[in-house]
Each structure stands twice: as structure tokens, then as C-alpha cells.
Amino acid sequence: MAAPLQAQSAPAPSGGTGIIAPEKAREGIDLEVNGERFRHTGDPKMPLLWYLRDVLRLTGTKYAGERGSGSGADLVIVNGKLVSAVAVTIEELHIGKSGSERPGNVLTVEGLAGGDGKLHPLQQAFVDEDAIGCGYCTPGWLMAAKELLDRKRNPSDDDIDQLPNLCRCGCQTRVRRAIKRVAAATSGNNKP
Ligand code: FES
């Protein structure tokens, strides 16, 4: 994973004086991904997906077609809202320039499990309900389900069916069971 805010040493000036020329602070866009702070100093129009995958090497979030119109495998949560990582650029996140007190907060599937490696209840429920086929769509389902449960503790079948996700392996029914299982456990409703 890329280290945030690393200093670069300036080249030694010719002439052999031994003086190191100071370098101005590099401008960039600050963001927080899964609790770690980073500064993006490259192209501000870079889609979030490629920043996550190619720069931070967080490859759980997948390409889901132009403008995120595919399976929803590119979904992440930004400042509490479900966002297509293909469709949004770093610049469009409005997450503040360098020095921002409150950088934008991005949560990806890699940030779901606990620090001790324990699976998030949704991840465990997907395993328990055998809701994973090839797995390509799974990260997007998990993020969409988390965002749904964060705003609605006991979602209906319709709520789940309206999520912007598609499983080409045909796991929708088992995905729905997994989400209802977590909802039942957390809302005290034992009828998933
Ligand atoms: Fe294969 Fe959903 S598990 S596309």
C-alpha cells in the first residue's frame, strides 16, 4: 500500500556546496481510505477506481463498465453514500485540497473486516448463505448492503431488490438471504 505524504529529497546542487535546496510542498487532494490518509498528487481527473486499484493496490473494487453501469462491482462508500468508483473522479469527490481538516472518507471492501481479521457480519453472512459464485460482483454487493443497512436496519425484499447490483452467477436470492440474516441479527427481528 502506498505510504502517505512521503518527503522527496531534492537533487544535490551542482558546484558541490553541499546545500540542499528546499522543495515546495506538493499540492494535491487529501483523502482517507479505510482509515488511512493519503494525498493524491497526480491527475485530479483520475477515476477513483484506478486510484484505489493502481495506486493503493486495493483491488477488491472491480471495473463495472463505463459510468459504472454494469454489475455494481465498483461500488464504494464515500462520506456515507454509495458511489460508483468508475464514474467519479478524485476531483469530483469534493474532498478538499491539501491541508483540508476533513478529507473525504472512502470505505472499500478491504475496510470491512476488523483489524483482527474477523469478517464483517455481512461478509460472514455471504459465506454462511453461500452467496458467492465467481465473486466478481461480491465486493459491490457488500458495500451496497452495508450502506442499505446503515440507513435502514430492517430492509424489505424490495429495498434489497432495488440495490444497483447484478450477479451474473445468479446469486441474488442467496444475497438477499444474507442481507436479511444480518438485518435480523442486528434489529432483533429473528425472522429473516
Ligand atoms: Fe459471479 Fe456474482 S458471483 S457475478
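Residues numbered from 1 in each chain as written. Predicted model: local features only at pLDDT ≥ 70, side-chain atom pairs only at ≥ 80, totals over all residues. Heavy atoms only, no water.

Asker: Break down the pairing of strand E5 (residues 104–107) for me, with residues and values.
Answerer: For strand E1 (residues 29–33) and E5, the ladder comprises three bridges, and the chain directions are parallel. Paired with Leu31 across the two strands is Gly104, which belongs to E5. As judged from the two bridges shared by strand E3 (residues 75–78) and E5, these two strands associate in the antiparallel manner. Residue pairing for E5: Val78 is matched across the bridge by Val106. (Pairing = 2+ DSSP bridges. Helix = DSSP H or I, 4+ residues; strand = E, 2+ residues; numbered from the N terminus.)

Asker: How would you summarise the packing of helix H2 (residues 121–128) against helix H3 (residues 138–151) if you had to cite specific residues and measurements?
Answerer: Interhelical geometry of H2 versus H3 gives an angle of 125 degrees and a closest axis separation of 10 Å. Regarding the angle of H2 to H3, the classification is oblique. Between H2 and H3 lies a crossing of right-handed hand. Contacts from Leu122, Gln123 and Phe126 in H2 reach Thr138, Trp141, Leu142, Ala145, Lys146 and Leu149 in H3. Along the lines of polarity and charge, the residues of the contact of H2 with H3 split into six nonpolar, two polar and one charged. (Axes fitted to C-alpha atoms, helices over the stretch in contact; angles between N-to-C directions. Parallel < 35°, antiparallel > 145°, perpendicular 65-115°, else oblique. Left-handed = near helix turned anticlockwise from the far one by under 90°. Contact = heavy atoms within 4.5 Å. Nonpolar A, V, L, I, M, F, W, Y, C, P; charged D, E, K, R; others polar.)

Asker: Account for the pattern of salt bridges, naming residues and giving values.
Answerer: All told, the structure shown has 12 salt bridges when counted by the stated rule. Between Asp159 and Lys152 there is a salt bridge, with the nearest N and O atoms lying 3.0 Å from each other. Residue classification places Asp159 among the buried residues on the basis of a relative accessible area of 18%. We classify Lys152 as partly exposed; its relative accessible area is 36%. (Salt bridge = Lys/Arg side-chain N within 4 Å of Asp/Glu carboxyl O. Buried < 20%, exposed > 50% of the residue type's maximum accessible area, 1.4 Å probe, protein only.)

Asker: Can you tell me about the environment of Asp161, naming the residues and giving the values?
Answerer: With respect to the helices, strands and loops of the structure, Asp161 is situated in helix H4 (residues 157–161). Residue class for Asp161 comes out partly exposed when judged on its relative accessible area of 47%. Counting along the chain gives 14 residues from Asp161 to Val175, while the straight-line C-alpha distance between them is 9.9 Å.

Asker: Outline the nonpolar core, supporting the account with residue identities and numerical values.
Answerer: Grouped together as the largest cluster of nonpolar side chains are 26 residues, with contacts concentrated most on Leu122, Phe126, Trp141, Leu163, Val175 and Ile179. The set of elements that each furnish at least two residues to this core consists of E3, H2, H3 and helix H5 (172–187). Core analysis: the second largest hydrophobic core is formed by 19 residues, Leu31, Val33, Leu58 and Ile90 among them. (Core = buried A, V, L, I, M, F, W, Y, C linked by side-chain atoms within 4.5 Å.)

Asker: Tell me about the sheet that holds E5, residues and numbers included.
Answerer: The sheet built from five strands is open, its strands ordered E2-E1-E5-E3-E4 with mixed pairing. The open sheet terminates on both sides in strands that have one partner only, identified here as strand E2 (36–40) and strand E4 (81–84). The average undirected angle you get between the axes of adjacent strands in this sheet is 35 degrees. Lying over the sheet, H3 contacts E3, E4 and E5, oriented at roughly 35 degrees with respect to E3.

Asker: Can you explain H3? Please cite residues and give values.
Answerer: The terminal C-alpha atoms of H3 lie 20 Å apart, and with 14 residues this matches the ideal 20 Å at 1.5 Å per residue to within 8%. Burial analysis of H3 places 12 of its 14 residues in the buried class, which makes it a mostly covered element. Taken together, the buried positions of H3 are Thr138, Pro139, Gly140, Trp141, Leu142, Met143, Ala144, Ala145, Lys146, Glu147, Leu148 and Leu149. Contacts made by the buried residues of H3 are with E3, E4, E5, H2, H4 and H5. (Expected span 1.5 Å × (residues − 1).)

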